[in-house]
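Per-entry structural report
Here are the chains, one letter per residue:
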Amino acid sequence: MLADHDEPAAAANPWALRWEARYRAGESLFGTAPNAFLAAQSGLLRPGMRALCPGEGEGRNALFLAGLGLSVTAVDFAPTALARAGARAREAGLDVTTILADLALWSWPEAAFDLVALIFVQLDAGERVAVHRGAARALAPSGLLVLEAFARGPARDCGPRGEASRYDVAMLREDFAGLEIVSLMEETTLLAEGAGHRGAASVVRLVARAPAQGRRREEESSASASA
Ligand SMILES: C[S@@+](CC[C@H](N)C(=O)[O-])C[C@H]1O[C@@H](n2cnc3c(N)ncnc32)[C@H](O)[C@@H]1O
């Protein structure tokens, strides 16, 4: 079994085939340690929180969160990566559900997660907006979004070469307009995440929160009143 849930549309995206080939060519592409920016948010996380890791690859972040006692769902469209994530979780006795799906086509659960961790999920504009909206909707009231991505500007040692799938502060502000921004910045950092992310990188880092229960209801009713 490759994943706990398997959506056939995952294989239809040509990028899924490219990612699958990368994972088949080698293991632990981005290392086994969690992403440093996500790990730095540990103080905001509590056991029992429900976490979603879209584009989670081989599971390094999912395992880290599950190790903190969170109940984790990992989604990716590369079967080899997701199978590794599931196998590693089972070996460690950790609670990680895996879903094989294309995030751009996935039916994102609504208000179902206390944390959504989008770590280096670099998408072209059309997919990016749909995925980021899905991620925002998936947050429960007061849920937390943590995102790190390669930033626009000069390409450095790692990350996509073209600008099409790199992000900037303005894009993220617009994509996540319904959330309260806790912190949002672009910076240059040194990544040491397996062979896949090694060296200097320009990144954009976001922590944001969904509105609390009452405020979300008010916003939804004023949106439907003005529609
Ligand atoms: C750079 S890797 C990061 C993996 C993981 N988040 C990490 O930090 O180790 C990007 C991941 O996003 C996945 N991905 C990209 N586009 C996707 C899509 N449309 N649907 C599902 N997964 C996608 C790729 O298969 C890959 O595993």
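Structure shown above.
Reading the values: rules and limits
Residues numbered from 1 in each chain as written. Predicted model: local features only at pLDDT ≥ 70, side-chain atom pairs only at ≥ 80, totals over all residues. Pairing = 2+ DSSP bridges. Helix = DSSP H or I, 4+ residues; strand = E, 2+ residues; numbered from the N terminus. Axes fitted to C-alpha atoms, helices over the stretch in contact; angles between N-to-C directions. Parallel < 35°, antiparallel > 145°, perpendicular 65-115°, else oblique. Contact = placed C-beta atoms within 7 Å. Nonpolar A, V, L, I, M, F, W, Y, C, P; charged D, E, K, R; others polar. Core = buried A, V, L, I, M, F, W, Y, C linked by C-beta atoms within 7 Å. Buried ≥ 20, exposed ≤ 12 C-beta atoms within 10 Å, placed from the backbone. Near = placed C-beta within 6 Å. Left-handed = near helix turned anticlockwise from the far one by under 90°.

1. Focus: the pairing of strand E8 (residues 197–209)
- Judged from the seven bridges that link them, strand E6 (residues 139–150) and E8 form a sheet pairing that is antiparallel. Bridging across to E8, leucine 145 finds its partner in alanine 208.
- Bridge count between strand E7 (residues 180–193) and E8: 13 bridges; the pairing is antiparallel. If you follow threonine 188 over to E8, its bridge partner there is serine 202.

2. What to know about the packing of helix H1 (residues 14–25) against helix H4 (residues 79–92)
- The N-to-C vectors of H1 and H4 enclose an angle of 55°; their axes lie 7 Å apart at closest approach. Considering the angle they form, H1 stands oblique to H4. Between H1 and H4, the residues in contact are Glu20, Tyr23 and Arg24 and Pro79, Thr80 and Ala81, respectively.
- Classifying every residue of the contact of H1 with H4 by side-chain character gives three nonpolar, one polar and two charged.

3. Section: the nonpolar core
- Among the nonpolar cores identified, the biggest contains 63 residues, and Ala51, Ala62, Val72, Leu115, Val116, Ala117 and Leu145 are the most heavily contacted of them.
- At seven residues, E6 tops the list of elements feeding residues into this core.
- If near-sequence neighbours (up to four positions away) are discounted, alanine 117 is found in contact with Leu38, Ala51, Cys53, Asn61 and Val146.

4. Topic: the site of the ligand
- Close contacts around the ligand come from 21 residues, with Trp19, Gly55, Gly57, Phe77 and Leu103 the closest.
- Elements supplying a minimum of two residues to the shell around the ligand: H1 and helix H3 (60–67).
- Taken together, the residues of the shell around the ligand break down into eleven nonpolar, five polar and five charged.

5. Concerning the packing of H3 against H4
- Contact geometry for H3 and H4: axes closest at 9 Å, N-to-C directions at 25°. Compared by their axis directions, H3 and H4 come out roughly parallel. The interaxial crossing formed by H3 with H4 has right-handed handedness. Contacts from Ala62, Leu63 and Ala66 of H3 reach H4 at Ala85, Arg88, Ala89 and Ala92.
- Here the contact of H3 with H4 is composed, by residue class, of six nonpolar, no polar and one charged.

6. Let's talk about unusual backbone geometry
- Unusually for a residue other than glycine, phenylalanine 120 sits at a positive phi of about 55°.
- Relative to the helices and strands, phenylalanine 120 resides in the loop between strand E5 (113–119) and helix H5 (125–137).
- The backbone of serine 142 sits at a positive phi, close to 65°, despite the residue not being glycine.
- For serine 142, the position within the fold is in strand E6.

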